[in-house]
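Structure at a glance
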Amino acid sequence: MIQITDWLRAKADGFKHLSNEEVSAISDFSLLWALFESRLLNTEGSARAICDMVDGWHKDGTLDAPSFDPELGYFRQRYFANGAFTGHFDHLHLRKNDQEPLIRAVIDGSDNDPRDRVAAVLIIIFRYRNNLFHGVKWQYKLAGQLGNFTAANAALMKVLDRHGALLEG
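Structural notes, computed from the coordinates. (Residues numbered from 1 in each chain as written. Predicted model: local features only at pLDDT ≥ 70, side-chain atom pairs only at ≥ 80, totals over all residues. Heavy atoms only, no water.)

End to end, helix α2 (residues 20-40) covers 29 Å across 21 residues, agreeing with the expected 30 Å (1.5 Å per residue, within 8%). Next to the buried residues of α2 lie α1 (4-11), α3 (47-60), α7 (114-133) and α9 (146-163). The first or second residue beyond α2 is Asn42, which carries a positive phi of 55°. (Helix = DSSP H or I, 4+ residues; strand = E, 2+ residues; numbered from the N terminus. Expected span 1.5 Å × (residues − 1). Contact = heavy atoms within 4.5 Å.)

Okay, here's the thing in structure tokens:
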């Protein structure tokens, strides 16, 4: 039986150039996102659902925004440099309902509210999900995505550890 990654390397343009680490990070992201969306977003992923979820954590005192500082630092470095948003920011393909003003304010550092920081991190990860599953990232042959998916996976594991009730089934 052929392995899926072998088939993709033979058939999907650009996939053969990905390292095993890149393939693992992308595959892991798919599984982590599915678990996150199932456990925490009631299978209804959206920026609004993410904001509502984060608002609940903020209200009940379980937000723990500092735990997301490494991922936020990565996103700030990737999407904002030398006083301006980078070209990578446009590739998030933020839509009307994706809280773009909030994302911009958090990324440029003008908004450091804990609730907004966590919401921005998770909405950026939501955009990775949409861009991967709807094919946008394939247009770039998935190149240059290791840091993105590594940061996303770390944040998703933190959220699932803290809020996912994983041991409850």
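That covers the picture; the talk isn't over yet.
On to the side chain of Thr86. Positionally, Thr86 belongs in the loop between β2 (84-85) and α5 (87-90). Here Thr86 falls in the buried class, since its relative accessible area comes to 18%. Among the polar contacts made by the side chain of Thr86, one reaches the main-chain carbonyl oxygen of Arg78 at a distance of 2.7 Å. Thr86 has contacts with Arg78, Tyr79, Phe80 and Ala81, leaving out every residue within four places of it along the chain. (Buried < 20%, exposed > 50% of the residue type's maximum accessible area, 1.4 Å probe, protein only. Polar contact = N/O pair within 3.5 Å; in protein donor to acceptor, adjacent residues only side chain to side chain.)

With that settled, consider the side chain of Asn153. With respect to the element layout, Asn153 can be found in helix α9. Within polar-contact distance, the side chain of Asn153 engages the backbone oxygen of Ala25 at 3.1 Å. Setting aside residues up to four positions removed in sequence, Asn153 forms contacts with Ala25, Asp28, Phe29 and Leu32.

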